[in-house]
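Chain and residue survey
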Amino acid sequence: MKKKLLSVLLCAAMVATMAAGCGSKEEPAAAPAPETKEDTQEPAADAGEEKTDEATGSLHFEIVSKGFQHQYWQAVLKGAEQKAAELGVTMEFVGPNSESDIADQVQMLNNAVNKKPAAIGLAALDTKSALDGIQAAMDAGIPIVGFDSGVPEAPEGAVYANCATDNYAAGELAAEKTYEAIKDRIANASGTVRIGVLSQDATGESLISRGLGFIDKIAELIVADGKTVTVVGNQKFVDDSKCEKTDGADVEIEVLVPASVDSALSATDCQTLLNKADTIAIYGSNQHSAEAMVTGDENLGKFGTGEDNVIAVGFDSGAVIKAAVKDGTFLGAITQAPVAMGEAVIQTLYDIANGKTVSDIDTGCQWYTAENMDDPEIAQNLYD
């Protein structure tokens, strides 16, 4: 009898132990794909469950940027850090050494997914290369928020919102300011004149949009004033521009893109344009290209705002570009709001993790010159 009773008690204990073990096993929270409503997405209420920092118990986010090659990203990082501290969340902000290191960024995205954060911020260097990581995030119920160039052509439902400058509109603004300075030269020219466009690459959404915004708008303005215009150079920009291609045009817009993201190559591209006698203006669509313009002109001295100078227009900030604007080498430049962008990314991730509806945020841009760059509204967005 005692043996039977002991056997019964042992069986009961084993069943209890197995039940406790099954009860303690936690399955990853799987957020269903969000419903899209006019660029506004509402995540599932449990999107942030169990996605916390083990040390602090707070929500944890992974941010995969394009790297730290430019000071711009340090400013985005600063904004992200400030907002994370304000909200009491933790984050890890990573990026490759160079914006040409696509494979490194893909691995960083994969690592971010494996850490199972509450959500991921991603500025994709190349969406197609990152598709496996993006799909893995979707399968794990991890929302993604795009920033800077965003995550163009990502699978439907993967990206809940984008926090970025309207890059096409920013390119248009640069074109309007450039055209104001060169319209009389175009009107009075006896032959073809050339406008150069320098782009770091022809793959990132932000650079493509800034380039096309500039090309399309300045072509529109030229045609409106009775002149013809065509686009030559990099095939991506030639094919995607709205500008009607015209043989023997009054104005040629020449787009140059280096074989890799290399400052020396971009500086050489700038010199190629400056050494063409018909070049009247050059636009550099990010910090890399604008700084390369300064380097390329060092021994030529052709940039300036005089009638015989080539008009230079940049994009972004940084000590080199600010100095070029201040001393008149550049007519001016477009600045984004990188600190505000970093803050917006963290706030949007936080809102998703707490079940709130989110939508795209235009973090804005401004035109700055030697005359207005010290104004408080402008100065706050000019990082070093």
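Below you will find a few notes about this structure.

What counts and how
Residues numbered from 1 in each chain as written. Predicted model: local features only at pLDDT ≥ 70, side-chain atom pairs only at ≥ 80, totals over all residues. Heavy atoms only, no water. Axes fitted to C-alpha atoms, helices over the stretch in contact; angles between N-to-C directions. Helix = DSSP H or I, 4+ residues; strand = E, 2+ residues; numbered from the N terminus. Parallel < 35°, antiparallel > 145°, perpendicular 65-115°, else oblique. Left-handed = near helix turned anticlockwise from the far one by under 90°. Contact = heavy atoms within 4.5 Å. Nonpolar A, V, L, I, M, F, W, Y, C, P; charged D, E, K, R; others polar. Pairing = 2+ DSSP bridges. Phe/Tyr/Trp six-rings, centres within 6.5 Å; stacked < 30°, edge-to-face > 60°. Buried < 20%, exposed > 50% of the residue type's maximum accessible area, 1.4 Å probe, protein only.

This paragraph deals with the packing of helix 2 (residues 71-87) against helix 11 (residues 338-353). Where helix 2 meets helix 11, the axes come as close as 6 Å, and the angle between the chain directions of the two elements is 40 degrees. By the angle between their directions, the pair helix 2 and helix 11 is classed as oblique. The hand of the helix 2/helix 11 crossing is right-handed. Facing Tyr 72, Ala 75, Val 76, Lys 78, Gly 79, Ala 80, Gln 82, Lys 83, Ala 84 and Leu 87 of helix 2, the residues of helix 11 in contact are Pro 338, Val 339, Met 341, Gly 342, Glu 343, Ile 346, Gln 347 and Tyr 350. Considering only residue class, the contact of helix 2 with helix 11 consists of 11 nonpolar, four polar and three charged.

What follows covers the packing of helix 5 (residues 167-188) against helix 6 (residues 205-224). Look at helix 5 against helix 6: their axes get within 7 Å of each other, and the N-to-C directions meet at 35 degrees. Between helix 5 and helix 6 lies a crossing whose hand is right-handed. When helix 5 is examined against helix 6, the residues Asn 167, Tyr 168, Gly 171, Glu 172, Ala 174, Ala 175, Glu 176, Thr 178, Tyr 179, Ile 182 and Ile 186 are found in contact with a partner set consisting of Glu 205, Ser 206, Ser 209, Arg 210, Leu 212, Gly 213, Phe 214, Asp 216, Lys 217, Ile 218, Leu 221 and Ile 222. Tallied by class, residues from the contact of helix 5 with helix 6 come to 11 nonpolar, six polar and six charged.

Another point: the sheet that holds strand 4 (residues 90-94). With respect to topology, six strands assemble into an open sheet ordered 4-3-5-6-7-15, the strand pairing being parallel. Each edge of the open sheet carries a strand with a single partner, namely strand 4 and strand 15 (361-362).

So, on to the packing of aromatic side chains. Throughout the structure, instances matching the rule amount to six aromatic pairs. Seen in terms of ring centroids, Tyr 72 and Tyr 383 are 6.1 Å apart; in terms of plane orientation they differ by 65 degrees. Their pairing is edge-to-face. Of this pair, Tyr 72 sits in helix 2 while Tyr 383 is found in the segment after helix 12 (376-379), placing the two residues 311 residues apart along the sequence. No difference in accessibility class separates Tyr 72 from Tyr 383, as the two residues are buried. Where Phe 214 meets Tyr 283, the ring centres are 4.2 Å apart and the plane angle is 10 degrees; that geometry is what we call stacked. Of this pair, Phe 214 sits in helix 6 while Tyr 283 is found in strand 11 (residues 279-284), placing the two residues 69 residues apart along the sequence. The class of Phe 214 is buried, set by a relative accessible area of 1%. The rings of Tyr 72, Trp 73, Phe 147 and Tyr 383 are connected pair by pair, giving a single aromatic cluster.

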